[in-house]
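Residue-level structure breakdown
Take a look at the letters that make up each chain.
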Amino acid sequence: MGGIIAKTKPTNVPVEEFLLGVVPPKRQSDGVALAEILREVTGTEPVMWGPTMVGYGSFHYASASGSTEGDWPRVAFSPRKAQLSLYGLKDLPEQVSLLPQLGTDTEGVGCVYVKKLEDVDLSVMRQLIAMAWNRT
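These remarks concern the structure in this document. (Residues numbered from 1 in each chain as written. Predicted model: local features only at pLDDT ≥ 70, side-chain atom pairs only at ≥ 80, totals over all residues. Heavy atoms only, no water.)

1. Notes on the overall build of the protein chain
Within the protein chain, the secondary structure is distributed over 5 helices and 8 strands. Reading the helices (α) and strands (β) of the protein chain from amino to carboxyl end gives α-α-α-β-β-β-β-β-β-α-β-β-α. For the protein chain, the C-alpha radius of gyration of 14 Å lies close to 14 Å, the compact-globule estimate for 136 residues. C-alpha atoms of the protein chain, sized along the principal axes, occupy 40 × 35 × 25 Å. When the 136 residues of the protein chain are sorted by exposure, 43% land in the buried category. Of all intrachain contacts in the protein chain linking residues separated by at least 6 positions in sequence, the fraction that spans at least 24 positions is 52%. Just so you have it, the protein chain exposes about 7100 Å², and 58% of that area is on carbon and sulfur atoms. Across the protein chain, the mean location of the 13 positive side-chain charges is 6 Å away from that of the 15 negative side-chain charges. (Helix = DSSP H or I, 4+ residues; strand = E, 2+ residues; numbered from the N terminus. Rg over C-alpha atoms; globule rule 2.2 N^0.38 Å. Buried < 20%, exposed > 50% of the residue type's maximum accessible area, 1.4 Å probe, protein only. Contact = heavy atoms within 4.5 Å. Areas by Shrake-Rupley, 256 points an atom, 1.4 Å probe, with all protein chains shown as cover. Lys, Arg positive; Asp, Glu negative; His and termini not counted. Charge placed at Lys NZ, Arg CZ, Asp CG, Glu CD.)

Below, the structure written as structure tokens:
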């Protein structure tokens, strides 16, 4: 994953332009709604990271071995064809303990997958986003 992260950098592509091109239509509408939720919770405007990730803020990371370092969004999502991929929602122990309350989701190594926003408790989602945003 380190190689993927190292290659994912902020771009100048307008987030709205990207979101309007997302398919299928349900993923597009969920992406637009999620972008607004993240904007409200973080108080910041999104930036495209790579070709498909909508990110908010950034932090500098370094692996324990020192072999990989770079910048990564504090919280981000990608409206992929099959599901929404959410980044930064399971990085802290308090987030992991709150995740079972989110609703219907699955987890990957560094992200949470949601098929549609109706499947999750948006107040829990907002709490997870706030935790990611406020981490030091």
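2. Some words on the sheet that holds strand E2 (residues 53-56)
Strand order in the open sheet made by the 6 strands is E1-E2-E5-E6-E8-E7, with antiparallel pairing throughout. Looking at the sheet topology across the chains shown, the edges are occupied by strand E1 (47-49) and strand E7 (106-107). As judged from the 3 bridges shared by E2 and strand E5 (residues 75-79), these two strands associate in the antiparallel manner. Opposite tyrosine 56, over in E5, you have valine 75 as the bridge partner. Helix H3 (residues 25-42) rests against E2, E5 and strand E6 (84-87) of the sheet, and its axis sits at about 170 degrees to E5. (Pairing = 2+ DSSP bridges. Axes fitted to C-alpha atoms, helices over the stretch in contact; angles between N-to-C directions.)

3. Topic: the pairing of strand E4 (residues 69-72)
Side chains Gly70 and Trp72 project from E4 onto a buried face, and the interleaved Glu69 and Asp71 project onto a face without burial. As paired elements, strand E3 (residues 59-62) and E4 share 4 bridges and run antiparallel to each other. Residue tyrosine 61 lies in a different strand from E4, and its bridge partner there is glycine 70. Counting the residues that bridge the hairpin from E3 to E4 gives 6 residues, and of these glycine 66 lies at a positive phi of roughly 80 degrees.

4. Description of the packing of aromatic side chains
Evaluation of the coordinates by the stated rule reveals 1 aromatic pair. Between tryptophan 72 and tyrosine 87, the ring centres sit 6.3 Å apart and the planes meet at 85 degrees, which makes this aromatic pair edge-to-face. Highlighted residues: tryptophan 72 in strand E4 and tyrosine 87 in strand E6, separated in sequence by 15 residues. Classification of tyrosine 87 by relative accessible area gives buried; the value is 11%. (Phe/Tyr/Trp six-rings, centres within 6.5 Å; stacked < 30°, edge-to-face > 60°.)

5. Regarding helix H5 (residues 122-134)
With 13 residues, H5 should reach 18 Å at 1.5 Å per residue; the first-to-last C-alpha distance of 18 Å fits that figure. Of the positions making up H5, those classed as buried are Val124, Met125, Leu128, Ile129, Ala132 and Trp133. Elements in contact with the buried residues of H5: H3, E2, E5, E6 and helix H4 (93-98). (Expected span 1.5 Å × (residues − 1).)

6. Quick look at the packing of H3 against H5
Packed helices, taken two at a time, are described by the angle between their axes plus the distance between the axes. For the pair H3 and H5, the least separation of the axes is 10 Å and the interaxial angle reads 50 degrees. If you check the angle between H3 and H5, you find them oblique. Here H3 runs over H5; the crossing is right-handed. Judged by residue contacts, Leu34, Ile37, Leu38, Glu40, Val41 and Thr42 of H3 engage Leu122, Met125, Arg126, Ile129, Ala130 and Trp133 from H5. In terms of residue class, the contact of H3 with H5 is built from 9 nonpolar, 1 polar and 2 charged. (Parallel < 35°, antiparallel > 145°, perpendicular 65-115°, else oblique. Left-handed = near helix turned anticlockwise from the far one by under 90°. Nonpolar A, V, L, I, M, F, W, Y, C, P; charged D, E, K, R; others polar.)

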